[in-house]
2 protein chains.
Amino acid sequence: MAATIKDVAKMAGVAVSTVSYALNNSPKISEETRKKVIRAAEELSYRPSGAARNLKKRKSETIGLFLNDLGGPFYSQVIEGVQEVVASHDYNLIVCSTYGGENSSANRFLREKFVDGAIIMGTAIPDSLILQVAAESFPIVVLDRELKSDYVHSVLITNEQGAYDAVTHLIKLGRRRIEFLSGPLAAYDNSKRYDGYKRALTEHSLHVPPKISLQGRYLEAGGYQTVKVMMACKRLPDAIFAANDEMAIGAMRALREGGIRVPEDVAVVGFDNISFGPFVRPSLTTIGHSKYEMGAIATQLVFNVQKEENSILLPTQLVIRQSCGFKGTHNENEESYIFHEGRRNQG
Amino acid sequence: MAATIKDVAKMAGVAVSTVSYALNNSPKISEETRKKVIRAAEELSYRPSGAARNLKKRKSETIGLFLNDLGGPFYSQVIEGVQEVVASHDYNLIVCSTYGGENSSANRFLREKFVDGAIIMGTAIPDSLILQVAAESFPIVVLDRELKSDYVHSVLITNEQGAYDAVTHLIKLGRRRIEFLSGPLAAYDNSKRYDGYKRALTEHSLHVPPKISLQGRYLEAGGYQTVKVMMACKRLPDAIFAANDEMAIGAMRALREGGIRVPEDVAVVGFDNISFGPFVRPSLTTIGHSKYEMGAIATQLVFNVQKEENSILLPTQLVIRQSCGFKGTHNENEESYIFHEGRRNQG
DNA sequence: TTGAAAGCGCTAACAA
DNA sequence: TTGTTAGCGCTTTCAA
């Protein structure tokens, strides 16, 4: 049986409150007593119960970051931004996958008040749950998702404008038949990006395809497959605007396998500027946004609880590389950016 | 004030125990009562307190995965392996950075029994803490780290043999002056990899440099810097064996900037087979190991508590690409492996 | 099938 | 400076 505060008190010959004060560095306790308590605690390998402390204090000093996919190439910089700000408040951060639907850890943690605030990225947590649990004592920030309510803030990026910029760039390079390689139709960012795509075509008096024929579920394999099918069935476009980089890279793989040259025959532009975009061949032109900032700002909002809904809009930038045919000033050293420069001690 | 179980009981006109049973789907409760309770709970937006439940049950049904660096290109597959097995036991997973030394979240969670078991990768958690907290009720598995004790298991990879294979490969290709680009000297895996390097040289009667002159801290920038310095100071080797891929890629960047051709002038081999190794130019020859398995097996060990120390050794494989000069059968489609094929709904 | 009550391990108000 | 004690919100034993 693990030692509790009572055992420590008994061994040290003091009251439990004294142990609590001593171990929490309360100034009330004399040095002598504190030493005695610490010695007893060590002797018994005492480990305080976080659960009991949280219950008593009614807070956990922990922020939860809930992501669809812990491993994705997209998230690491967001996590870093969150981590840094959480640590600066001397809070803990737990990162948690939303994988698993109704009974996912994320849902449980959110419902059971394991954390004092949450940052949510991805669509696996339904709006209803967020609205239900958000409160003054439980602020929530959603990333790249529109959701307005008290104590729910959002950090958005200019999805529509970014897509508009991407497609306009293609048009300026002389492309006329530009296909939209779509992510999940229900996804917020996907639909915004589609809107930007349509606006660019419309403003340049180009034909907007009546329906979305390429759907890649935001996955590399999805982009690959749907473009494969397209190549078998119909006339090629002269450009593809993919709603994210993974699909763009999948599309390029399919095109290459089909003997289609990128960018000569078909130009490709993605969205997100994921870290290895510079390394695919040809390197990927894309729309970038600052992921670190996104995480850091979101976390500031969590600590800065306000009733009024508050949404912050971050800009996107066109990042020109080789997949769209314009020979941008490709910086060979860009490579170094893909690495996280933090402490690492593990191979 | 958030509603508690008492409030629900009052509103439903039943005892708190009844509420508890009803909400936890105990078969004792009549359907009628259960409905009444559920209605009251909804009415009050009742959210059970995980802290109270954990305190009472003396467990959290949560496993902690503690990593140096949540964002690194190395970890995502490990996380996936862990996630899957944890979920299959209907447990929760929290991933947590060890960043922050003494007061890091990781240390706190470990000490305060927030989790029922832990998987630790990286050196930021000292042996002493691990040994202190490991117990039957708190199994710990360390990844790629040798630590023997009751209730501490380890999952290792054949670091020494892998390094030996890498260097032997270089020797077979005719390289004779092979430098070791080292990670932190104190790192376990680094020293094993160094041992393998030395053994390969010795067995082939090649000169082993008397001291390690290249130290890159396992970082891309570290590899870059130290190789830059080397190029300015001394005669070039004809090959570099880097203790991890990041440093290898940094080394290649430095070499390229110095007008040195890879692999013609200097061959480079890394270690770990990180996901974008196929995409750097030239693509990186490296030593691979299965990171998903590592995570999955570690998690099995956590659930499979045993007193006896138990260590599992996973093999490594030479992955031949272009940076070492041997034209392996480079599979263009390898590209697709770098993507996680799970659910993603977020751009 | 339901209720009463003990108690998980801690913090903090209050008393001494 | 230290001790006594109530109670955080649950689960679960035992009684009804």
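About the thresholds
Residues numbered from 1 in each chain as written. Chains lettered and ligands numbered in written order. Predicted model: local features only at pLDDT ≥ 70, side-chain atom pairs only at ≥ 80, totals over all residues. Heavy atoms only, no water. Helix = DSSP H or I, 4+ residues; strand = E, 2+ residues; numbered from the N terminus. Rg over C-alpha atoms; globule rule 2.2 N^0.38 Å. Buried < 20%, exposed > 50% of the residue type's maximum accessible area, 1.4 Å probe, protein only. Contact = heavy atoms within 4.5 Å. Areas by Shrake-Rupley, 256 points an atom, 1.4 Å probe, with all protein chains shown as cover. Near = heavy atom within 4 Å. Polar contact = N/O pair within 3.5 Å; in protein donor to acceptor, adjacent residues only side chain to side chain. Nonpolar A, V, L, I, M, F, W, Y, C, P; charged D, E, K, R; others polar. Domains from an automatic or database assignment. Buried area = accessible area lost by both parts, 1.4 Å probe. Salt bridge = Lys/Arg side-chain N within 4 Å of Asp/Glu carboxyl O. Least-squares fit on C-alpha atoms with pLDDT ≥ 70 in both. Axes fitted to C-alpha atoms, helices over the stretch in contact; angles between N-to-C directions. Left-handed = near helix turned anticlockwise from the far one by under 90°. Pairing = 2+ DSSP bridges.

In the annotation of an unreviewed UniProt entry, chain A is listed under the name LacI family DNA-binding transcriptional regulator and assigned to Paenibacillus lignilyticus.

A. Examining the overall build of chain A more closely. A count of helices and strands for chain A gives 12 helices and 12 strands. Taken against the 2.2 N^0.38 rule, which gives 20 Å for 347 residues, the C-alpha radius of gyration of chain A at 26 Å runs more than 25% over that of a compact globule. With respect to the three principal axes, the spread of C-alpha positions in chain A is 85 × 45 × 30 Å. Each of the 347 residues in chain A was classed as buried or not, and the buried ones make up 58%. Look at the contacts in chain A between residues 6 or more apart in sequence, and 68% of them connect residues 24 or more apart. Accessible surface computed for chain A: about 14100 Å², of which carbon and sulfur atoms make up 51%.

B. Here's a closer look at the protein's contact with DNA strand C. Lining the immediate surroundings of DNA strand C are 28 residues, of which I5, S20 and Y46 of chain A together with T18 and T33 of chain B lie closest. Of all atoms in DNA strand C that approach within 4 Å of the protein, 65% are sugar or phosphate atoms. Here a phosphate oxygen of DNA strand C and a backbone polar atom of A15 of chain B are 2.8 Å apart. Here a phosphate oxygen of DNA strand C and a side-chain polar atom of T18 of chain B are 2.5 Å apart. Elements with a minimum of two residues in the surface near DNA strand C: α2 (16-23) and α4 (50-57) of chain A together with α2 (16-23) and α4 (50-57) of chain B. Per-element accounting of the surface near DNA strand C gives the leading share, 5 residues, to α4 of chain A. A class-by-class count of the residues in the surface near DNA strand C yields 11 nonpolar, 10 polar and 7 charged.

C. Here's a closer look at the domain arrangement of chain A. Residue and element names in this part refer to chain A. Domain assignment breaks chain A into domain 1 (5-57), domain 2 (62-157 + 292-314) and domain 3 (159-288 + 317-346). Computed from C-alpha atoms alone, the centre-to-centre distance between domain 2 and domain 3 is 28 Å. Contacts between the two partners involve 8 residues from domain 2, matched on the other side by 12 residues from domain 3. Across the interface of domain 2 and domain 3, roughly 840 Å² is buried in total on both sides, 52% from carbon and sulfur atoms. At the boundary of domain 2 and domain 3, one finds 2 salt bridges. Two residues, D144 and R193, come together in a salt bridge whose shortest N-O distance is 4.0 Å. At the junction of domain 2 and domain 3, the tally comes to 3 residue pairs in polar contact (both at pLDDT 80 or more). Residues that form the side of domain 2 that touches domain 3 fall into these classes: 4 nonpolar, no polar and 4 charged.

D. Just the relation of the copies chain A and chain B, in detail. Once chain A is rotated about the relating axis by 180 degrees and shifted along it by 0.0 Å, it coincides with chain B to within an RMSD of 0.0 Å. One copy is carried onto the other by what is essentially a two-fold rotation axis. Here 100% of the interface residues in chain A have copies in chain B that are interface residues too; the copies meet face to matching face.

E. Structural context of the packing of helix α5 (residues 76-88) of chain A against helix α12 (residues 291-303) of chain A. Residues and elements named next belong to chain A. Orientation of α5 relative to α12, taken along the N-to-C sense of each, is 35 degrees, at an axis distance of 6 Å. For the crossing formed where α5 meets α12, the hand is right-handed. Mapping the contact onto sequence places Q77, V78, E80, G81, V82, E84, V85 and V86 in α5 and K291, Y292, G295, A296, T299, Q300 and F303 in α12. Looking at the contact of α5 with α12 residue by residue, the class counts come to 7 nonpolar, 5 polar and 3 charged.

F. Structural context of the sheet that holds strand β6 (residues 178-182) of chain A. All names here are of chain A. If you walk across this open sheet you meet the 4 strands as β7-β6-β8-β9, and the pairing is parallel. Only two strands of the sheet have a single partner each, and these edge strands are β7 (214-215) and β9 (267-269). Two strands pair when backbone bridges link them, and β6 and β7 are joined in this way by 2 bridges, in the parallel orientation. For S182, the partnering residue across the bridge sits in β7 and is Q215. Packing against the sheet, helix α8 (residues 159-172) makes contact with β6, β8 (239-242) and β9, and its axis sits at approximately 170 degrees to β8.

G. Region of interest: the pattern of salt bridges. Residue and element names in this part refer to chain A. All chains considered together, the criterion is met by 30 salt bridges over all chains. The salt bridge involving R253 is made with E220; its shortest N-O contact spans 2.8 Å. Separated by 33 residues along the polypeptide, R253 in helix α11 (residues 245-257) and E220 in helix α10 (residues 220-233) bring together distant segments of the chain. Of the two residues, R253 and E220, neither departs from the other in class, the shared state being buried.

H. Structural context of the interface of chain A and chain B. Facing 86 residues of chain A, the contacting portion of chain B comprises 86 residues. Around 8000 Å² of area is buried between chain A and chain B when both sides are counted, 50% of it from carbon and sulfur atoms. For the pair chain A and chain B, the number of links is 4 salt bridges. Its salt-bridge partner being E112 of chain A, residue R53 of chain B comes within 3.1 Å of it at the nearest N-O pair. Linking chain A with chain B are 15 residue pairs in polar contact (both at pLDDT 80 or more), by the criterion used here. Among the elements of the structure, α4, α5, β2 (92-97), α6 (105-111), α9 (188-203), α10 and α11 of chain A are those that each provide at least two residues to the side of chain A that touches chain B. Here the side of chain A that touches chain B is composed, by residue class, of 38 nonpolar, 22 polar and 26 charged.

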